[in-house]
Every structure is written in C-alpha cells, then in structure tokens.
Amino acid sequence: MRISLKWLRELVDVAISPEELAETLTMAGFEVEEIEDRRPWASGVVLGKIIACEQHPNADKLRVCQVDVGSSEALNIVCGAPNARADIYVPVAVVGTYLSTIDLKIKPAKLRGVPSEGMICSLAELGLSKESAGIHIFELENPELGSDIRPLLGLDDVILDLTATANRADALSMVGVAREVAALTGASLRIPEANGVAIEGKESPGLAVEISEPQGCPIYIGTAIEGVKIGASPAWLQQRLQAAGVRPINNVVDVTNYILLEWGQPLHAFDRDRLQSFTGTQDISIGVRFAKTGESFKTLDGQNRNLQAQNLLITASDKPVALAGVMGGEDTEVHEGTQNLVLEAAIFDQATIRRSARAQGLRSEASIRYERGVNQAALATACNRAVALILELAGGTATVQKTASSGEDLSFSRSLELRLDRVNLVLGQLKRGETGGSKYLEPEEVKNILTALGCEVVPTEKERVWNVTVPPYRYRDLEREIDLIEEVARLHGYDNFCDTLPSKTEPGYLSPEYAAIRNVRSAFRAAGLTELMHYSLVKTEGENQVVLANPLFVEYSALRTEMLSGLIDAFGYNLEQGNGALNGFEVGRIFWKDGDAMKEADAVAGIIGGDPTVWKWQQGGRDRPLTWFEAKGVLESAFQELGLSVEYQSDSSNTRLHPGRTAALSLNGKHLGVFGQLHPQLQQQKDLPEQVYVFQLDLAVLLSQLGRSNDLTRKFAGYSSFPASDRDIAFFAPVEVPVVEMQSAMKKAAGSLLDSVELFDEYRGDNVPAGQRSLAFRLIYRAGDRTLSETDVEPAQQKVRDVLVEKFGVSLRS
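So, here's what we can say about the structure. The shown structure was predicted, so the numbers you read here are calculated from the model rather than taken from an experiment.

Here is what the cut-offs are and how they apply
- Residues numbered from 1 in each chain as written.
- Predicted model: local features only at pLDDT ≥ 70, side-chain atom pairs only at ≥ 80, totals over all residues.
- Heavy atoms only, no water.
- Salt bridge = Lys/Arg side-chain N within 4 Å of Asp/Glu carboxyl O.
- Helix = DSSP H or I, 4+ residues; strand = E, 2+ residues; numbered from the N terminus.
- Buried < 20%, exposed > 50% of the residue type's maximum accessible area, 1.4 Å probe, protein only.
- Core = buried A, V, L, I, M, F, W, Y, C linked by side-chain atoms within 4.5 Å.
- Contact = heavy atoms within 4.5 Å.
- Pairing = 2+ DSSP bridges.
- Axes fitted to C-alpha atoms, helices over the stretch in contact; angles between N-to-C directions.
- Expected span 1.5 Å × (residues − 1).
- Arc of directions from axis to C-beta.
- Phe/Tyr/Trp six-rings, centres within 6.5 Å; stacked < 30°, edge-to-face > 60°.
- Lys NZ or Arg CZ within 6 Å of the ring centre and 35° of its normal.
- Parallel < 35°, antiparallel > 145°, perpendicular 65-115°, else oblique.
- Nonpolar A, V, L, I, M, F, W, Y, C, P; charged D, E, K, R; others polar.
- Left-handed = near helix turned anticlockwise from the far one by under 90°.

A word on the pattern of salt bridges
Counted under the stated rule, the structure contains 42 salt bridges. Close ionic contact of Arg240 with Glu10 constitutes a salt bridge, the shortest N to O distance being 2.3 Å. With Arg240 in helix α5 (residues 235-243) and Glu10 in helix α1 (residues 5-11), this pair connects stretches of sequence that are 230 residues apart. Overall, Arg240 belongs to the buried group, its relative accessible area being 15%. Residue Arg474 pairs with Asp477 through a salt bridge whose shortest N-O separation is 2.3 Å. By the burial criterion, Arg474 is buried, and Asp477 matches it. What emerges from the salt-bridge pattern is a single network uniting Arg168, Asp170, Glu180, Arg474, Asp477, Glu487 and Arg490.

Have a look at this one:
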C-alpha cells in the first residue's frame with residue numbers, strides 16, 4: 001500500500017525522517033519497498049500569472065508570454081502549449097530550476113530568435129502524469145505570485161510503498177498504519193471520527209435489505225441519499241487518491257475510495273434511479289445470494305461475466321447488480337447525471353470472496369481487503385464517515401438507512417492469557433549493553449508494549465500472568481498466546497534480542513536419498529541431456545487420474561499419471577520455435593488412482609531425437625535421423641556413470657511406442673521402466689522428426705540399487721598389467737532370442753576369466769536362413785596375475801559355444 005506521509009502526519013505525530021520511519025516499519029515486519037520523495041520534483045517551481053500572450057514572430061506554434069512571478073519585472077517566456085493565454089495562473093520553472101523527472105535544468109535560451117527566461121510547466125513535466133495536452137492551469141482565489149507550487153499540487157509529500165504480511169489486514173488502511181506507527185514511536189494518535197449523520201426519514205421510495213446467505217455476508221448496511229450533484233472532487237481529495245495510486249473519477253466514487261484507503265473498508269455506490277429502471281420497480285430490495293446457473297452480468301470494467309455457483313452476488317429485486325466484495329455492475333454505476341444513491345457498506349466472508357474472485361479471474365482493491373479480513377467493528381464508523389463526506393462534497397440528503405445481519409453474536413473481543421515466563425523463554429535474553437538491568441523483559445515493559453497496541457492488560461491471580469483483551473481491529477490476527485509474544489518481539493525490536501544458537505549444533509548434510517538423486521541428475525546431464533521441469537497439473541483425460549476439486553484452469557484440472565506427454569509437447573514446441581531438437585530429462589512425481597486409493601511415485605523420464613551431428617555439410621545440409629542404438633547409447637552412458645547394469649527385453653505393450661523398437665528395462669530382476677521409439681502415427685500427429693526416442697524409469701528402483709552401498713563414492717578396481725586375449729564368435733540365431741540373454745549366458749559359462757562381451761556385427765539378408773540373423777561377438781579374456789595362454793582361454797571359449805548351441809539352438813559359423 002502507498003502511504004502518504006503528509007496524510008499520515010494528520011493521524012499521528014511523526015517526528016522522525018521518512019528514512020527512519022521506513023527502517024522502523026521494516027524492522028517491525030512491514031517491508032517498505034520504496035521511498036518516493038516528491039519534494040525535489042518541483043523544487044524551484046513557483047506560481048506565476050500570464051499577463052500577456054502574443055504569437056511568436058518566427059514560429060506558428062509558439063507563443064511569447066509575459067509572466068508575473070512576484071518579482072519586480074515580468075519574465076519573457078516562449079511557450080508552445082496550445083492552451084497558453086493571458087490571465088491564467090500557471091507553474092513556472094525559473095532559471096536555475098532542475099526538473100528531476102525529465103532531467104532538465106532551466107537555463108536562459110533563445111527560441112527562434114526570441115529570448116526565454118524560464119519554462120511554463122505541464123503536469124507531465126512535474127512528474128504527476130505520463131502525458132499532458134498543455135500547461136497546467138490553477139483555479140485559485142487570492143493567489144500569492146512567486147509562492148512555492150508544491151503544496152498546491154501535493155508535491156510537498158513523501159510516499160512510502162509498504163508491503164504488509166497476509167495476517168495484517170489492518171495495515172491496508174491509513175488508520176491501521178497510523179496505529180502501528182503510534183505504537184512503535186510512542187507518538188500521539190488522532191483517529192478521524194464520524195460525526196453523527198442525520199437520516200431525514202422523509203417520504204421516498206422504499207429500501208429493504210435481505211441476506212439470503214448469512215455465512216457469506218453477516219452484516220449489510222444500505223443508505224439511500226437523494227439530491228446529490230456529481231462533479232469533480234476537491235484538490236485535496238484528488239491529491240490523496242493520486243498519491244495512493246488511485247485515479248480520481250467523481251466526488252461520490254472518490255469518497256468511497258477515500259474511505260477504502262482511510263479505514264480499509266470497501267464501499268460501493270449504486271445509482272438509485274438506474275436500480276429502479278433496471279428492476280422495474282420503485283421500491284428497491286437489496287439482496288445477497290449466490291449466483292444461479294446461467295446467470296451473467298456486466299461488471300464496471302466492461303466485461304460480461306458468466307457467473308458460477310461460488311460467485312456471491314448483490315441483487316436488486318433478485319437481479320444481479322454487483323459481484324459482492326469484488327466489483328460493481330456497469331448498468332447501475334454512478335455517472336455524471338446521477339442524482340440519487342444507494343450506498344453499500346458490508347462485511348463479507350474471507351473465503352467466499354476469495355473463491356468468487358478466483359472463479360472470475362478478477363482481483364480488485366476491495367477483494368484484496370475482504371480476502372484478508374476487514375475490521376468488522378469499524379463498519380458503522382466507515383459508513384457514517386462516507387455518508388458525511390458525500391453530503392459535504394456532493395450535497396443531498398440521507399433519507400433511509402437499513403441494516404441486515406445474520407443475528408449471530410458479532411462480538412469482536414477476545415481475551416488471552418499471557419505468561420511472562422513464557423515470553424522470556426521464547427524470546428530469550430536482551431542486549432542491554434552498558435545500561436545494565438535485567439537480561440530479560442520486565443513486566444512493565446511487556447505491559448507497555450501491549451497497551452501501546454491497544455490491548456487491555458489486567459493482572460490475574462497467578463503471579464507474572466496477565467489477562468490480555470485484544471482490540472477489535474486486531475481480532476482476526478491475535479488469537480493465541482504466541483501471537484502476543486510475537487507482538488512483544490516486534491515492538492521491542494528483533495535486533496534487541498541476543499543472537500544465540502542451540503548448545504548442540506551439527507553441520508548440515510545431504511540425506512543418502514537426496515545425495516543419490518543428485519547423482520542421478522548429474523549422470524543424465526553428463527550424458528548430454530538438459531534437465532527440464534514441467535507442471536504436475538494436466539488436463540483431465542484418463543480414468544485413473546487424480547482430479548482436482550477446485551482447479552485454477554481446465555488445462556490444470558488433474559495430476560499427471562506419466563511424464564512422457566509433457567516431454568513430447570516440449571520437444572515439439574522447441575522445434576516450432578526454431579530451437580532445434582530438445583534432448584532432455586526430468587525428475588518428477590506421477591500420480592494415479594488404484595480403485596479408491598490415490599497413489600504417487602517418483603520417476604525419471606527423458607526424450608532424445610534429432611540429428612546427432614553438429615555440422616551437416618557432409619550430408620548435403622540434410623538431417624540424419626538418430627538411430628535406436630545411438631539413443632540407447634545415451635541412456636547407457638548415464639547408467640554407466642551410475643555404475644548400474646541394466647537389462648533390455650523386447651516389449652510392445654505401450655501403444656505410444658514403436659512395437660518393434662521398444663524395450664522393457666530391468667535392474668536386478670526388478671522392472672525399471674521403458675525405452676523406445678515413438679510410434680510413427682504419434683510422430684506424424686505431433687509433426688516430429690522421423691525417429692524420436694523416450695524413456696521413463698522408476699526412480700525408487702534406481703535409488704534402491706544406488707543405496708545398497710553406505711558410501712556413494714565410486715569404487716575403482718585395480719587394472720591388470722597383463723595383456724588381454726580376445727576371441728570372436730559368429731553364428732546364426734533365431735530373431736526372437738534377445739542378445740542380452742545370450743550375453744548373460746556367455747558370461748556365466750566362461751567364468752571369471754571373461755572380462756567383457758560385445759556385439760560388433762548384426763546382419764540379416766542374403767545367405768542367412770529365414771527367421772534368423774547373423775550375430776558376431778567379441779569376447780575379451782583377462783587375468784590379473786598372468787598372461788593367458790591358449791590352454792587357459794580355449795576351454796572357456798568351448799563352454800561358450802556349447803551353451804549357445806544347447807540353450808539357444810544357434811548355428812555356429814566360427
């Protein structure tokens with residue numbers, strides 16, 4: 001909220017500088033994000049009067065003005081504003097003035113041969129508007145020429161941009177901030193009073209108020225005002241609204257906005273004649289209810305709103321005229337011809353307004369305050385003050401005031417027990433310095449702090465225990481003893497307590513599970529994949545999805561059951577943006593329903609595709625699709641980095657993957673996940689390159705294997721200094737026999753001397769029996785203590801031949 005220091009000083013005696021006040025508020029929990037000092041904007045600009053204005057002799061669009069600024073001689077100033085004329089009062093920047101908002105220092109000059117001794121200013125040049133059609137003209141009585149124009153334009157002010165926490169709804173008003181400043185500084189407080197407003201009660205069309213939803217609206221006050229005259233607000237009111245970032249509209253609407261800023265109480269004014277025309281009746285019945293199916297109406301921003309069941313409405317004769325606590329309707333707004341009003345002052349439920357505003361994607365200054373909670377005890381005060389200001393600025397007569405309430409006990413008082421020993425136990429010792437005194441807060445100190453906050457502190461029969469009555473404006477915030485302790489700490493100053501750590505401290509460390517997850521991420525990044533992150537929220541499409549009860553958008557209405565869809569969409573989006581193939585991976589969580597139970601698990605998923613070569617000049621500029629083995633090699637490099645031995649088995653159960661180029665992955669007999677090429681139909685549907693590969697792995701299975709060792713540091717084995725002996729073996733094998741099974745059988749048959757088995761050739765075609773393929777493997781034998789001889793290697797190699805023939809029925813070629 002933007003706080004005008006000039007306005008604040010009318011409510012509380014602030015003697016400290018703006019910088020000191022900002023520091024005090026920030027240390028008390030109200031962050032001051034910016035200090036906007038307006039005083040330098042027009043330093044040196046004075047009030048002048050144009051006593052003569054003539055056409056420039058050498059320029060059609062310039063005028064030569066004689067300007068009286070209270071000195072002995074009039075200034076000769078060349079001006080290009082179209083509204084410059086004689087006998088008007090204007091702001092004049094004399095020679096030597098620096099206009100900081102446009103970074104201009106005024107110097108004597110000649111414009112088209114005519115000397116100019118200053119500049120007549122517009123509001124844009126003084127920093128009060130973005131654009132101006134011409135110079136600013138003052139409407140003044142008995143002006144003092146040569147006087148400082150800053151008080152006339154509200155530029156003798158400093159604005160503090162203050163951010164309050166969500167629990168401090170009272171700080172969204174000038175009165176609330178004034179109370180806080182008074183408590184922090186000990187200054188005198190002057191709360192504006194609402195003088196008694198006389199309700200004439202003369203004959204006029206009837207006004208009734210009825211609340212159909214008492215939980216959504218516990219109190220509603222409607223006041224009828226007749227004979228108002230709509231016009232511009234006085235300068236002081238406009239300046240205060242502008243300082244707070246609110247655009248002045250007219251005297252009635254400006255009063256409602258002024259009370260919103262002063263008391264934090266939203267108000268709304270209806271045009272009574274438009275209400276009568278809209279409802280077709282002279283007697284107006286104001287109601288509060290939830291929207292019905294199919295209802296709609298147009299809000300003040302010109303948008304036609306399709307209402308939902310959670311939208312709380314203000315109605316006139318059961319017809320919607322406003323979104324309660326959010327925004328009024330266009331059909332009943334106050335306009336230039338308005339003569340009669342109905343002023344709304346109400347309390348709405350926090351959660352109800354939050355849901356209503358979110359359902360329409362609409363947030364206003366009113367809804368922000370209702371969502372946080374307004375001071376119910378000040379409702380009548382704010383309403384009466386608004387009525388009094390309207391009568392003062394717009395004239396008219398208050399004729400009828402009707403109040404409806406839920407009938408519940410609306411007491412805003414709460415008493416809490418506060419123990420001094422508990423205060424000191426939670427807050428700890430003080431930094432007393434050389435002044436001495438107790439190391440802990442004394443009873444009188446705690447009592448004074450709470451009294452300054454508006455609390456009533458009464459001792460109880462128990463020693464060092466008080467009964468604290470919370471003021472109405474802090475009713476929503478101070479609910480427990482710990483809340484009072486927090487207030488004591490805030491006002492005494494967090495920086496005045498000793499910085500102490502627990503007696504036993506331990507250095508921080510990563511848990512084994514999190515360290516393993518880091519290793520997984522690092523391995524996939526090392527394999528050349530970019531780490532990605534997607535929302536867990538997706539569209540509702542499957543039967544086993546976990547669907548949200550109150551989604552923000554249709555696109556985010558359910559939780560994802562798998563991660564491949566998001567990766568495929570991201571891959572296609574990058575291609576559309578001309579960024580090339582996106583080879584990436586993601587570590588995330590998936591969710592699904594198993595019957596009535598809801599389950600979740602962590603997974604690792606990735607996508608690989610595109611041309612693996614950097615330059616394409618050897619390919620005539622054409623892309624070369626990534627092969628299945630190249631994509632598998634990327635995945636294998638990540639597994640190798642993690643020290644995992646993963647097995648691949650043919651799989652065709654996933655309908656989104658190519659049935660002949662998909663593998664089910666397993667780790668130590670446990671199902672790990674799936675890896676394969678996208679199905680050609682899906683590839684064409686998404687307009688993706690020819691061969692794109694995806695994988696999704698169960699993170700829990702990966703972590704269980706990585707967590708078998710208490711130490712995640714990589715273990716290295718000694719390297720043999722003796723040469724290896726290699727043997728090649730080739731044979732015809734049935735196509736359906738997986739290579740991984742043959743490799744496993746060869747390793748088991750050859751024993752410990754076999755160091756590795758590698759497939760280096762596969763051939764299908766001429767001279768190969770139908771239903772078979774030609775495979776060639778290289779077997780590397782090695783011992784750590786000697787050079788192997790033929791008598792060592794041949795028996796092991798023969799066992800390999802035998803097991804291949806017996807177990808898989810291969811036809812040996814070598």
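What follows continues from the structure just given.
Thoughts on the nonpolar core
One finds Leu8, Tyr220, Ile314, Phe348 and Leu450 to be the most contacted residues of the largest nonpolar core, which totals 117 residues. Excluding residues within four positions of it along the chain, Tyr220 makes contact with Val209, Ile211, Phe270, Ile286, Val288, Ile314, Glu344, Ala345, Ala346, Lys402, Thr403 and Ala404.

Section: the sheet that holds strand β38 (residues 772-781)
The antiparallel open sheet is built from four strands, whose spatial order is β37-β38-β36-β39. Two strands close off the open sheet at either side, each with one partner strand: β37 (754-763) and β39 (811-812). Here strand β36 (residues 725-734) runs beside β39; their pairing, made up of two bridges, is antiparallel. Bridging from a neighbouring strand, Phe732 pairs with Ser811 of β39. The sheet strands contacting helix α19 (residues 739-750) are β36, β37 and β38, and the helix crosses β37 at an angle near 145 degrees. On the sheet, helix α20 (residues 790-808) packs against β36, β38 and β39 and is oriented at approximately 10 degrees with respect to β36.

Brief notes about α20
When the terminal C-alpha atoms of α20 are compared, their 26 Å separation across 19 residues agrees well with the 27 Å that a helix rising 1.5 Å per residue should span. Inspection of α20 places Val793, Ala796, Gln797, Val800, Arg801, Val803, Leu804 and Phe808 among the buried residues, and these make up the whole buried set. Relative to the axis of α20, the buried residues are bounded by an arc of 165 degrees and lie together on one face. What points out from α20, more than 90 degrees from its buried face, is the exposed set Thr791 and Glu806. Looking at the packing, one finds that the buried side of α20 touches β36, α19, β38 and β39. Once α20 ends, the next one or two residues include Gly809, with phi positive near 65 degrees.

A look at helix α14 (residues 512-526)
When the terminal C-alpha atoms of α14 are compared, their 21 Å separation across 15 residues agrees well with the 21 Å that a helix rising 1.5 Å per residue should span. Summarising the contacts, the buried residues of α14 are in contact with β30 (584-594), β31 (597-609), α16 (628-642), β35 (692-698) and α18 (699-706). In the stretch just after α14, Gly528 is the one whose phi turns positive, near 100 degrees.

Describing the pairing of strand β16 (residues 284-290)
Where burial is concerned, most of β16 is hidden: five out of the seven residues are buried. Both β16 and strand β19 (residues 312-316) contribute to a ladder of five bridges, which runs antiparallel. The residue bridging Val288 from the neighbouring strand is Ile314, located in β19.

Brief notes about the packing of aromatic side chains
Using the criterion set out here, one finds 11 aromatic pairs in the structure. On the basis of an interplanar angle of 25 degrees and a centroid distance of 6.3 Å, the ring pair of Phe675 and Tyr693 is categorised as stacked. With Phe675 in strand β34 (residues 670-678) and Tyr693 in strand β35, this residue pair connects regions lying 18 residues apart in the sequence. Each residue in the set Trp628, Phe629, Phe675 and Tyr693 is aromatic and connected to the rest through ring pairs, giving one cluster. A cation over a ring is seen here: Lys319 above Phe278, with NZ or CZ 5.8 Å from the ring centre. Here Arg414 stacks its cationic end above the ring of Tyr475, 4.1 Å away from the centre of that ring.

Some thoughts on the side chain of Asn250
Its place among the elements puts Asn250 in the loop between α5 and α6 (251-263). Those residues in contact with Asn250, other than ones at most four positions away along the chain, are Ile230, Gly231, Ser233 and Val334.

Details of the packing of helix α4 (residues 174-185) against α6
α6 packs onto α4 with a crossing angle of 25 degrees between their chain directions and a minimal axis gap of 4 Å. Between α4 and α6, the crossing angle belongs to the class labelled roughly parallel. Residues Met174, Val175 and Arg179 of α4 form the contact with α6, whose own contacting residues are Leu261, Glu262 and Trp263. In the contact of α4 with α6, the residues fall into four nonpolar, no polar and two charged.

Let's talk about the sheet that holds strand β1 (residues 2-4)
Strands belonging to one sheet form pairs held by backbone hydrogen bonds; the direction of such a pair is parallel or antiparallel. Reading across from one edge, β1-β12-β2 is the order of the three strands in this open sheet, with antiparallel pairing throughout. Either end of the sheet is taken by a strand with one partner, and the two such strands are β1 and β2 (31-37). Across the sheet, the mean angle separating the axes of adjacent strands is 25 degrees when strand polarity is ignored. Bridge count for β1 against strand β12 (residues 158-163) is three bridges, and the pairing is antiparallel. Within the sheet, the bridge partner assigned to Ser4 lies in β12 and is Ile159. Strands β2 and β12 of the sheet are contacted by helix α2 (residues 18-27), whose axis makes an angle of about 165 degrees with β2.

Considerations on the environment of Gly328
With respect to the element layout, Gly328 can be found in strand β21 (residues 327-328). Expressed as a C-alpha distance, the spacing of Gly328 and Phe695, which sit 367 residues apart in the sequence, is 53 Å. What Gly328 contacts, discounting residues up to four positions off in sequence, is His268, Phe297, Thr299, Leu300, Val321 and Ala322.

A look at the packing of helix α8 (residues 350-360) against helix α9 (residues 365-372)
When two helices pack together, their arrangement is given by the angle between the helix axes and the distance between those axes. Packing of α8 against α9 brings their axes to within 7 Å, and their N-to-C directions diverge by 140 degrees. For the element pair α8 / α9, the angle class is oblique. As α8 packs across α9, the resulting crossing turns out to be left-handed. The segment α8 lies against α9, with Gln350, Ile353, Arg354 and Ala357 engaging Ser367, Tyr370, Glu371 and Arg372. When grouped by side-chain class, the residues that make up the contact of α8 with α9 number three nonpolar, two polar and three charged.

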